[in-house]
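Now for the letters of each chain:
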Amino acid sequence: MRRAAAARAAGARTAPTGRTAPVRRTAPARRTALGLLAAALLAGCGTGTPGAAPEASATPATTAPSGGTAAPDPSRSPAGRTPEGTLLVADFGADTVTFVDPGPDGSGRGGAPIASVKAGTAPYGLVVGEDGRAWVATAEGVAVVDTRQRTRLALIPYATESGPVTTGEYRGGGMGIAMAPDGGHVYVGVNVPGRDGAVEVIDTATREVTGTARVGMRPFDVDVSPDGREVYATDHDSFDVTAVDADTLATRRMEVAPYGTEGGLGSWLKPHYAVVRPSDGALLLPFEGERLAVLDPRTGRVAIERMTANTHQHGAALTPDGTLLVVGTGPIGPDDEDPSLTVRAPDGTERIVPLDGPHEDVAVSKDGRTAYVTGGFTRDGHWNGITVVDLDDEKSEPVRLAAGNRPLGISVL
């Protein structure tokens with residue numbers, strides 16, 4: 001399917017839609033039977049079960065679930081504040097976030113999980129502020145976790161109605177999440193199965209939702225412009241990026257579909273994650289290890305650059321020197337290559353690091369020398385751990401570090 005679409009769309013450039021959606025201060029409607037049917041028809045569709053009701057009080061660190069998951073070792077749990085350089089992962093396969101010691105020098109060798117904290121049903125993305133508080137997008141609300149003391153402080157319910165709280169690949173609720181440069185607001189993409197989603201604005205001081213903007217379908221990722229004036233939702237199922245004015249919440253959608261939109265909801269050729277290039281504010285969106293869509297949010301124009309991994313791609317991150325890291329989840333067609341991590345220099349040259357099994361997202365150490373790739377994956381084939389890649393030593397083998405329960409989002413503390 002992918003090769004046929006690629007052949008028809010070879011060399012294509014996409015144009016902005018120029019649509020402006022109204023500011024949303026009310027919740028979108030509940031999921032409908034049509035939306036459920038559309039989700040069920042998607043390839044690799046996951047199923048869900050109802051989640052537990054949130055607790056009202058702060059929740060201390062707990063032992064992670066069993067069943068193939070590496071449980072935290074209480075003897076390794078540091079007394080007092082969590083050490084700098086500790087990894088934090090969102091356990092999509094549990095209701096927790098897990099703190100992980102990455103080992104000496106962050107190498108992964110000798111590392112292990114040290115503690116888990118209840119967050120909420122099926123945590124997806126997370127972001128950590130300068131004050132050490134993590135904001136975690138779950139199916140039932142945004143959890144606020146004190147990463148220094150390893151305690152949940154709050155669970156903020158969504159203003160958007162996204163249907164029953166469930167688990168699984170196509171669950172409703174929070175997905176992508178980002179923080180304003182000044183730390184004053186958090187922006188979370190809320191998936192409403194079968195319908196347009198929303199970006200909700202949370203005031204980090206009051207921990208309240210202060211506004212809602214309508215965006216496209218299934219906001220996989222959320223990013224913020226370097227100056228904080230715009231928020232970008234990468235809308236997986238509508239083949240576009242929605243720009244949201246951070247002050248007025250006015251929106252405009254820009255189509256990003258280098259292979260076209262044929263196949264609709266059943267297509268694999270959709271945008272997943274994006275990064276914002278600090279030098280010019282452009283959004284970089286990788287597709288299939290073949291094409292890098294470079295979106296200018298000022299004009300909506302998309303330029304296409306060649307990529308070489310030839311594999312279905314999800315998570316992305318930038319190192320301090322501008323190197324782009326992209327997670328290849330593995331083949332979706334007979335001609336595709338296996339999972340990998342693309343290491344793309346600012347001049348476009350690429351190194352492909354093979355990975356053992358599907359992965360989902362990636363974070364970078366603060367010195368830019370190490371990549372941490374989560375093995376959770378939103379579809380089947382995930383594993384409970386992190387792959388650690390030395391970005392300086394091309395001859396070194398990646399290190400597999402058991403941690404978490406189907407970990408997706410990741411941050412370096």
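The shown structure was predicted, so the numbers you read here are calculated from the model rather than taken from an experiment. Within each chain, residue numbers correspond to sequence positions counted from 1 in written order. It should be noted that, the model being predicted, local features are given only for residues of pLDDT at least 70 and side-chain atom pairs only at 80 or more, the latter also being counted only at that level, while totals for whole chains, interfaces and linings use all residues. To get the side-chain values, all heavy atoms of the structure are used, and hydrogens and water are removed first.

### Focus: the overall build of the protein chain
Per the convention used, a helix needs a DSSP run of H or I reaching at least four residues, while a strand needs a run of E reaching at least two, with both numbered from the N terminus. Helix and strand counts for the protein chain come out as two helices and 30 strands. We call two residues in contact when some of their heavy atoms are within 4.5 Å. For the protein chain, long-range pairs separated by at least 24 residues make up 54% of all intrachain contacts whose partners lie at least 6 apart in sequence. Accessible area of the protein chain: about 16,000 Å², with a carbon and sulfur share of 50%. Using a 1.4 Å probe, the Shrake-Rupley method yields the accessible areas, and only the shown protein chains count as cover for residues.

### Some details on the sheet that holds strand β7 (residues 133-137)
The pairing of strands in a sheet comes from backbone hydrogen bonds and takes either a parallel or an antiparallel form. Here a strand pair is declared whenever DSSP counts at least two bridges between the two strands. Spatial ordering of the open sheet is given by β6-β7-β8-β9, a layout of four strands whose pairing is antiparallel. The sheet terminates laterally at β6 (126-128) and β9 (151-156), the two strands that pair on one side only. The average angle at which neighbouring strand axes cross in this sheet is 20°, direction not considered. Here β6 pairs with β7 via three bridges, running antiparallel. Across the sheet, residue Val 127 finds its bridge partner in β7, namely Trp 135. Every axis in this analysis is a line fitted to C-alpha atoms, fitted for helices over the stretch in contact. Angles between the N-to-C directions lie between 0 and 180 degrees.

### Some points on the side chain of Glu 360
Of note, Glu 360 is situated in the loop between β25 (350-354) and β26 (362-364). Accessible area is worked out with a 1.4 Å probe on protein chains only. A residue is then buried under 20% of its type maximum, exposed over 50%, and partly exposed in between. We classify Glu 360 as buried; its relative accessible area is 0%. Of note is the side chain of Glu 360, whose polar atom sits 2.7 Å from the side chain of Tyr 273. Within the structure, the side chain of Glu 360 is placed 3.0 Å from the side chain of His 314, a separation counted as a polar contact. Distance and chemistry together define a polar contact, namely a pair of N or O atoms within 3.5 Å, with one atom able to donate a hydrogen and the other to accept it when in protein, and with adjacent residues in sequence counting only for side-chain atoms on both sides.

### Re the pattern of salt bridges
Note on pairing: side chains with opposite charge can pair once their charged atoms come close. The rule for a salt bridge is simple: a side-chain nitrogen of Lys or Arg has to be within 4 Å of a carboxyl oxygen of Asp or Glu. The full count for this structure, using the stated rule, is 15 salt bridges. For Arg 351, the salt bridge goes to Glu 394, with nearest N and O atoms at 3.8 Å. In this pair, Arg 351 sits in strand β25 while Glu 394 sits in the loop between β28 (385-390) and β29 (399-402), placing the two residues 43 residues apart along the sequence. Assessed through its relative accessible area of 17%, Arg 351 is described here as buried. For Glu 394, a relative accessible area of 59% gives the class exposed. For Arg 369, the salt bridge identified is with Asp 392, shortest N-O distance 2.8 Å.

### Let's talk about the packing of aromatic side chains
Given two aromatic rings, one states the distance between the centres and the angle between the planes to describe the pair. Paired rings are identified among Phe, Tyr and Trp, the last through its six-membered ring, by centres lying within 6.5 Å, and are further divided according to the angle between planes into stacked (under 30 degrees), edge-to-face (over 60) and tilted (the rest). Counted according to the given criterion, the structure contains three aromatic pairs. Each ring, one from Tyr 124 and one from Phe 220, has its centre 6.0 Å from the other, and the planes form 90°; the classification is edge-to-face. With Tyr 124 in the loop between β5 (112-118) and β6 and Phe 220 in strand β14 (residues 219-224), the pair connects residues that are 96 residues apart, well separated along the chain. An identical accessibility class is assigned to Tyr 124 and Phe 220; each is buried.

### Looking at the nonpolar core
What tends to happen in soluble globular proteins is that the nonpolar side chains get buried as a cluster. Among the nonpolar cores identified, the biggest contains 16 residues, and Val 241, Val 256, Leu 283, Leu 285, Ala 293 and Leu 295 are the most heavily contacted of them. For this core, the secondary structure elements donating two or more residues are β16 (240-245), β19 (283-287), β20 (291-295) and β21 (302-306). Looking at this core, the element that brings in the most residues is β19, giving three residues. Within this scheme, the nonpolar core is defined by two criteria: the residues are buried Ala, Val, Leu, Ile, Met, Phe, Trp, Tyr or Cys, and they are joined through side-chain atoms within 4.5 Å.

### Regarding the confidence of the model for the protein chain
Each residue gets a pLDDT score, which is the predictor's confidence in that residue and runs from 0 to 100. Per-chain confidence: the protein chain averages 86 in pLDDT, with 83% of residues scoring 70 or above. Counting contacts from residues 1-67, a segment whose pLDDT is below 50, to residues more than four positions away or on other chains yields 150 contacts.

### Thoughts on the side chain of Glu 140
Tracing the backbone through its elements, the reader meets Glu 140 in the loop between β7 and β8 (142-146). We count Lys and Arg on the positive side and Asp and Glu on the negative side, and we leave His and both chain ends out. The side chain of Glu 140 is buried and forms no salt bridge, while Arg 152, the nearest opposite charge, is found at 6.2 Å. There is a polar contact of 2.7 Å between the side chain of Glu 140 and the backbone nitrogen of Thr 121.

### Observations concerning unusual backbone geometry
Here Asp 105, not a glycine, exhibits a phi torsion of approximately 60°, which is positive. Along the chain, Asp 105 turns up in the loop between β4 (96-101) and β5. The backbone phi angle of Glu 288 is positive, close to 60°, even though this residue is not glycine.

### Description of the sheet that holds strand β23 (residues 324-330)
Across the sheet, which stays open at both edges, the four strands sit in the order β22-β23-β24-β25 with antiparallel pairing between neighbours. One side of each edge strand has no neighbouring strand; the edge strands of this open sheet are β22 (312-318) and β25. Each strand of the sheet is rotated relative to its neighbour by a mean of 20°, with strand direction disregarded. The pairing of strand β24 (residues 340-344) with β25 spans five bridges and is classified as antiparallel. Looking across to β25, one finds that Arg 344 is bridged to Glu 350.

### A few points about the environment of Pro 226
Checked against the element boundaries, Pro 226 lands in the loop between β14 and β15 (230-235). In this structure Pro 226 comes out as partly exposed when scored by relative accessible area, which is 47%. When the C-alpha positions of Pro 226 and Pro 278 are compared, they lie 6.2 Å apart, and in sequence the two are 52 residues distant. Apart from residues no more than four positions distant in its own chain, Pro 226 is found in contact with Pro 181, Val 276, Pro 278 and Gly 281.

### Re the pairing of strand β12 (residues 198-203)
Along β12, six of the six residues are buried, which leaves the element largely enclosed by surrounding structure. Neither face of β12 is exposed, since Ala 198, Glu 200 and Ile 202 on one face and Val 199, Val 201 and Asp 203 on the opposite face are all buried. Here strand β11 (residues 185-191) runs beside β12; their pairing, made up of six bridges, is antiparallel. For Tyr 187, the partnering residue across the bridge sits in β12 and is Val 201. From the end of β11 to the start of β12, which pair antiparallel, there are six residues, and Gly 194 there has a positive phi angle of about 80°.

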